[in-house]
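Observations on chain architecture
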Amino acid sequence: MMTLAQAKRGQRLLIAAIPNPAVRAQAIRFGISEGAEVECYEKLPAGPIVVGKGKQEIAIGRRLAENIQVKPA
């Protein structure tokens, strides 16, 4: 299992688990929940990971991304 922070640009991913309740609540505010499919659009060095879900683009901070477990979709 890998984290969203380890995703590569262009990769389609399935959100597998968000174990930390505080992180889960924050991710839900972004519209990301377990079972959602996202695509990694951009990965800024030492910065946020930009993912796309539907027609929405979301920049997720590196710390938050390290707490979101994903698997290839």
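Notes on the structure follow.

Looking at where threonine 3 falls in the secondary structure, it is placed in strand E1 (residues 2-3). Judged by its relative accessible area of 18%, threonine 3 falls in the buried class.

This brings us to the environment of alanine 36. Mapped onto the fold, alanine 36 is located in the loop between helix H1 (21-29) and strand E3 (37-43). Once the C-alpha coordinates of alanine 36 and alanine 16 are considered, the two residues, 20 residues apart in sequence, prove to be 8.3 Å apart.

A word on the nonpolar core. With 21 residues, the main nonpolar core has Leu4, Ile15, Val51, Ile60 and Ile68 as its most contacted residues. Broken down by secondary-structure element, the contributors of at least two residues to this core are strand E2 (12-17), H1, E3, strand E4 (49-53), strand E5 (56-60) and helix H2 (62-65).

Let's shift gears to the environment of alanine 7. As for its position among the elements, alanine 7 is in the loop between E1 and E2. Placed 58 residues apart in sequence, alanine 7 and alanine 65 show a C-alpha to C-alpha distance of 9.4 Å. In this structure alanine 7 touches Met2, Leu13, Cys40 and Lys43, once residues within four positions along its chain are discounted.

An α-helix turns once per 3.6 residues; consequently, residues spaced three or four apart project the same way. Its side-chain oxygen placed 2.9 Å from the backbone nitrogen of alanine 22, asparagine 20 serves as the N-cap of H1. At the C-terminal side of H1, glycine 31 shows a positive phi close to 90°.

A few words now on the sheet that holds E5. Taken in spatial order, the 6 strands of this open sheet run E1-E6-E2-E3-E4-E5, and their pairing is antiparallel. Of all strands in the sheet, those with a lone pairing partner are E1 and E5, marking the two edges. Two strands pair when backbone bridges link them, and E3 and E4 are joined in this way by 4 bridges, in the antiparallel orientation. Bridge pairing links lysine 43 to isoleucine 49 in E4.

About the thresholds
- Residues numbered from 1 in each chain as written.
- Predicted model: local features only at pLDDT ≥ 70, side-chain atom pairs only at ≥ 80, totals over all residues.
- Heavy atoms only, no water.
- Helix = DSSP H or I, 4+ residues; strand = E, 2+ residues; numbered from the N terminus.
- Buried < 20%, exposed > 50% of the residue type's maximum accessible area, 1.4 Å probe, protein only.
- Core = buried A, V, L, I, M, F, W, Y, C linked by side-chain atoms within 4.5 Å.
- Contact = heavy atoms within 4.5 Å.
- Polar contact = N/O pair within 3.5 Å; in protein donor to acceptor, adjacent residues only side chain to side chain.
- Pairing = 2+ DSSP bridges.

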